[in-house]
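Close look at the chain arrangement
Listed here are the chains, written in short residue letters.
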Amino acid sequence: MNLIAAVDKNWAIGKDNKLLVRIPADQKFFRETTTGKVVVMGRKTLESFPNGLPLKNRTNIVLTRKPDYKVKDAIVVHSREELDEELKQYHTEDIYVIGGETIYRMLLDECDTAHITKIDYSYEADAYFPNLDELPEWEVTADSEEQTYFDLEYYFLKYRKT
């Protein structure tokens, strides 16, 4: 399974249920990487999307504790066990965990690849991705040249679990 996220230099991913910054090249990478695949997210991540709608051209799986939660064009599961059962239908390389913090932490051990857009800036934040640089089983296996968006510098990194 894969993880995909944009993080700042402190591994922050969001504030007030919003992304820290929108970088067009990162959004394009996310779209191209996940289109036609399975995306796994929590309810608050789904609700942060435009109009709270699932992502087009993907199988959207939403994990929530709300028992009566329903979303058109998404599969809703209510427990880790239910999620695991649902994910058995798909090839693990086609599954992308897209947030938020609770979901990333819950599924980190199940994943072997992480696509991280690392932004060289510190934002005020209230949600964080696990710091893969501090976890010995994760290593960077690919990195891009420095990218810039206005005055922001960032890199596309690929981590693999060893």
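This structure is a prediction, so every number in the text was calculated from the model and none was measured.

**A look at the pairing of strand β12 (residues 152-161)**
Along any regular strand the residues' side chains alternate between the sheet's two faces. Direction of pairing for strand β8 (residues 113-119) relative to β12: antiparallel, over a ladder of seven bridges. When the bridges of β12 are listed, I116 appears paired with L157. Pairing between strand β10 (residues 138-143) and β12: five bridges, direction antiparallel. Each residue of the ladder has a partner; that of E139, found in β12, is R160. Note: strand β11 (residues 147-149) against β12, three bridges, orientation antiparallel. Each residue of the ladder has a partner; that of Y149, found in β12, is L152.

**Some details on the nonpolar core**
L3, V40, I116, F129 and L132 are the most contacted members of the largest nonpolar core, which totals 28 residues. Secondary-structure elements contributing two or more residues to this core are β1 (2-7), β4 (38-42), β5 (59-63), α3 (80-87), β7 (95-99), α4 (101-107), β8 and β12. Those residues in contact with I116 that sit more than four places away from it in its chain are A5, V7, W11, F129, L132, Y155, F156, L157 and Y159. Counting residues in each nonpolar core, the second largest holds 13 residues, with I4, F49, Y96 and I98 among its members.

Rules behind the numbers
- Residues numbered from 1 in each chain as written.
- Predicted model: local features only at pLDDT ≥ 70, side-chain atom pairs only at ≥ 80, totals over all residues.
- Heavy atoms only, no water.
- Pairing = 2+ DSSP bridges.
- Helix = DSSP H or I, 4+ residues; strand = E, 2+ residues; numbered from the N terminus.
- Core = buried A, V, L, I, M, F, W, Y, C linked by side-chain atoms within 4.5 Å.
- Buried < 20%, exposed > 50% of the residue type's maximum accessible area, 1.4 Å probe, protein only.
- Contact = heavy atoms within 4.5 Å.

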